[in-house]
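# Observations on chain architecture
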Amino acid sequence: MMIGPALQPDLRSLITKWRTHKICIVGDITKMYRMVKMTEEHTDLQRIVWRDDPSDEIKNYNLTTVTFGTAAAPYLAVRTLNQVADDEAHKFPETAPLIKHSFYMDDLMTGAEDVEKAKKICTEIGTILKSGGFEMQKWSSNSEEVLNHIQGEDTIRVIKQDAIIKILGLTWDRKDDKFKATVNLPKLRHPVTKRAILSDVGRLFDPFGWLSPVIIIAKMLIQKLWKCELDWDTELPNHLIEEWKTYRQEIIHLQNATVPRWVNSTLVNREKAEIHGFADASTQAYAAVTYLRVVEEDEIHVTMIAARTKVAPLKQLSISKLELSAAALLTELIEDIVEPLSIPKERVFAWTDSTVVLAWLQSDSHNWRTFVANRISDITRVVDGDHWHHVQSAENPADIASRGIKASEVAACKIWWTGPDWLKQDTIQFDKDEIPTTDLELKVSCHTTSVEEKPIWERFSSISRMKRVLAYCRRMLKNTETEPRKNYIEVSEMDTILSEGIKYYQNLVYGREIEEIKRDGRVKKRSSLISLSPYLDEKGILRVGGRLQNAEIAEETKHPIIIPSSQHITKLLIQEAHMKTLHGGIQVQLKGRRNYNFYAVHCYL
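Source: prediction; values computed, not measured.

What counts as what
- Residues numbered from 1 in each chain as written.
- Predicted model: local features only at pLDDT ≥ 70, side-chain atom pairs only at ≥ 80, totals over all residues.
- Heavy atoms only, no water.
- Helix = DSSP H or I, 4+ residues; strand = E, 2+ residues; numbered from the N terminus.
- Contact = heavy atoms within 4.5 Å.
- Areas by Shrake-Rupley, 256 points an atom, 1.4 Å probe, with all protein chains shown as cover.
- Phe/Tyr/Trp six-rings, centres within 6.5 Å; stacked < 30°, edge-to-face > 60°.
- Buried < 20%, exposed > 50% of the residue type's maximum accessible area, 1.4 Å probe, protein only.
- Salt bridge = Lys/Arg side-chain N within 4 Å of Asp/Glu carboxyl O.
- Axes fitted to C-alpha atoms, helices over the stretch in contact; angles between N-to-C directions.
- Parallel < 35°, antiparallel > 145°, perpendicular 65-115°, else oblique.
- Left-handed = near helix turned anticlockwise from the far one by under 90°.
- Pairing = 2+ DSSP bridges.
- Expected span 1.5 Å × (residues − 1).

Take the overall build of the chain next. Helix and strand content of the chain: 18 helices and 20 strands. Sequence separation of at least 24 residues holds for 68% of the intrachain contacts in the chain that already meet a minimum separation of 6. As displayed, the chain has an accessible area near 33,300 Å², and 51% of this comes from carbon and sulfur atoms.

Below is the structure:
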């Protein structure tokens, strides 16, 4: 009973794509699990033993259909649904693929650009699913004409006429074609504890972050609860109780907030659409928000797509690092929405009010320290540095989400829902002023060698070449008349050179740790290697210790050699790993940890 792979798009991607259809359609399958029959040999895995009275004889029952609660149930049901689509694809080549990409379990969310195409989709989906034993129900649409068509079909008759409909946890008003916020908090329970507050905050379902300016306040309050170090069921201090009561009284105003379902982007005008994302941070939180800008001949539409917030970590960070974290958060958000909206990378623009972050983004990531370098690499992988621009703080909608506002103010906050006013102008003036440079978080070289004399390992383009050259040098120094002259370098000679080179480099960087191991048998707690439990092997090479002594794997795998971090050496090791793999010999694998200044390398056959 295995879970199986995911066969359907995730919730956010499905709803984001659903918002691109002018005419939308929803529905679900009646008793989806019960419509899928199990093969006879597998029904024993769903056997039930039962009796009504202890004196009765036990009876055995085998469930013959997919059953709720089993690990394999979701996969089996979805896989069967996809198989029905594949089986009928030759009859309905346009509609069958929609079944594989427009369902979230048994819930259908699709649409079309016009009414006639929507009618065709409804009819053909009903026919395809009925051929496999599935029956659709609770059809609904923002078009009354489509609903009337559904009601007259033989294959699909059950429709849902309610104006307000729940769709995958979201509240949708089909007549206004807008999403509405709902708040269903129970009465305030006494005593007010950390457990009670987390339970209430968990009821605020906001998968797209539309209510982020209000919910971030609740996240900040939760962080305060952690700082108090109270037990789960201990009553909170009075000032926190009053803060929570005020928040609960205010949050009812969220019901006034609405978000348009349709983003005014269709297959016809998709090439005129752009994504604009904004990032900002405060001392308490950082946030990112994205908008879709669609340019038409007579009007420009700007619609919020999604937002995301995080509270600042308890470990104190500078504002510049928090701004960079906000930019990385925006990058993650953009990466999630680009594919369902089908927006090319060239029409994605990101904005921040931090000139320091922009300066970091204009330079290569290897110029900066680890914290900055890692995030710069992640950011530029999705959004090029040339597509990042400066925005004034007063015109940055992410600033609202990073600080939080009252629930009574969020519905009327125009800049939050549609972005700054200049997004609706025909031409956006990108600030091309020269970005000032910065030395903040600049990497400082720790090498003690002079610039004129490079270390020996930086004089070669590959480890193989280094081993051969140094092996010849070593042979010349040690060669005597009593030893026969050899024509070729032997493997043992190159292995010796590699071992001596590793020992030399380890002593250069970790000399203090090696002396501590020789003297005390272990490194001190302040050492960056403490978590690796390092030790010296019989050759005097520093290796990773740990709890794998009794594992039935190669010694080199159990105890990798510790190689200090160096850009040039890392490059050589990667080249060596590639070459060794190509030639089928010993393979070198590089392993690293972000928080430590070293790489652990091990070789195995």
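As a further point, take the packing of aromatic side chains. Centre-to-centre distance and the angle between the planes together describe a pair of aromatic rings. With the rule as written, the count across this model stands at twelve aromatic pairs. Measuring from centroid to centroid gives 5.9 Å for Trp 226 and Trp 232, while their planes differ by 90 degrees, and the two rings are edge-to-face. Where Trp 244 meets Tyr 247, the ring centres are 5.7 Å apart and the plane angle is 20 degrees; that geometry is what we call stacked. Linking Trp 244 with Tyr 247, this pair stays in helix α8 (residues 238–251), spanning three residues, or about one helical turn. Given the relative accessible area of 2%, Trp 244 is considered buried. Members of the aromatic cluster, each reached through a chain of ring pairs, are Trp 18, Trp 172, Phe 179, Phe 208 and Trp 210.

Tallied over the entire structure, the rule returns 22 salt bridges. With a shortest N-O distance of 3.8 Å, Arg 189 and Asp 200 are connected by a salt bridge. With Arg 189 in the loop between β9 (178–180) and α6 (194–201) and Asp 200 in helix α6, this pair connects stretches of sequence that are eleven residues apart. For Arg 189, a relative accessible area of 41% corresponds to the partly exposed category.

Turning next to the packing of α6 against helix α7 (residues 212–228). The N-to-C vectors of α6 and α7 enclose an angle of 160 degrees; their axes lie 11 Å apart at closest approach. Overall, the two elements α6 and α7 adopt an arrangement that is roughly antiparallel. Of the two elements, α6 crosses α7, and the hand of that crossing is left-handed. Within the contact between the two elements, α6 uses Lys 194, Ile 197, Leu 198 and Val 201 and α7 uses Ala 218, Ile 222, Leu 225 and Trp 226.

The pairing of strands in a sheet happens through backbone hydrogen bonds and is either parallel or antiparallel. Pairing is mixed across the open sheet formed by five strands, whose spatial order is β13-β12-β11-β14-β15. The open sheet has two free edges, formed respectively by β13 (300–311) and β15 (388–390), since each of these has just one partner strand. Strand-to-strand twist in this sheet, taken as the mean axis angle between neighbours without regard to direction, amounts to 25 degrees. In terms of strand pairing, strand β11 (residues 273–281) meets strand β12 (residues 285–295) through nine bridges, oriented antiparallel. Pairing of Asp 280 across the sheet is with Ala 287, part of β12. Contacts from α7 reach β12 and β13 within the one sheet, and its direction differs from that of β13 by about 0 degrees. Strands in contact with helix α9 (residues 319–341) are β11, β12, β13, β14 (348–352) and β15; relative to β12, the strand with the most contacts, it is inclined by about 35 degrees.

With 23 residues, α9 extends 32 Å between its outermost C-alpha atoms, agreeing within 8% with the 33 Å of an ideal straight helix rising 1.5 Å per residue. Note on α9: the residue one or two positions beyond its end, Ser 342, has a positive phi of about 55 degrees.

On to the sheet that holds strand β6 (residues 136–141), then. If you walk across this open sheet you meet the four strands as β4-β5-β1-β6, and the pairing is antiparallel. Edge positions in the sheet fall to β4 (103–104) and β6, since each has one partner strand and no second. Sheet analysis places β4 next to strand β5 (residues 107–112), joined by two bridges and oriented antiparallel. Bridge pairing in β5 links Tyr 104 to Asp 107. In the packing of helix α4 (residues 115–131) onto the sheet, the strands contacted are β1 (23–29), β4, β5 and β6, and the crossing angle to β5 comes to about 145 degrees.

Everything listed here is a matter of coordinates, which is why it stays silent on function.
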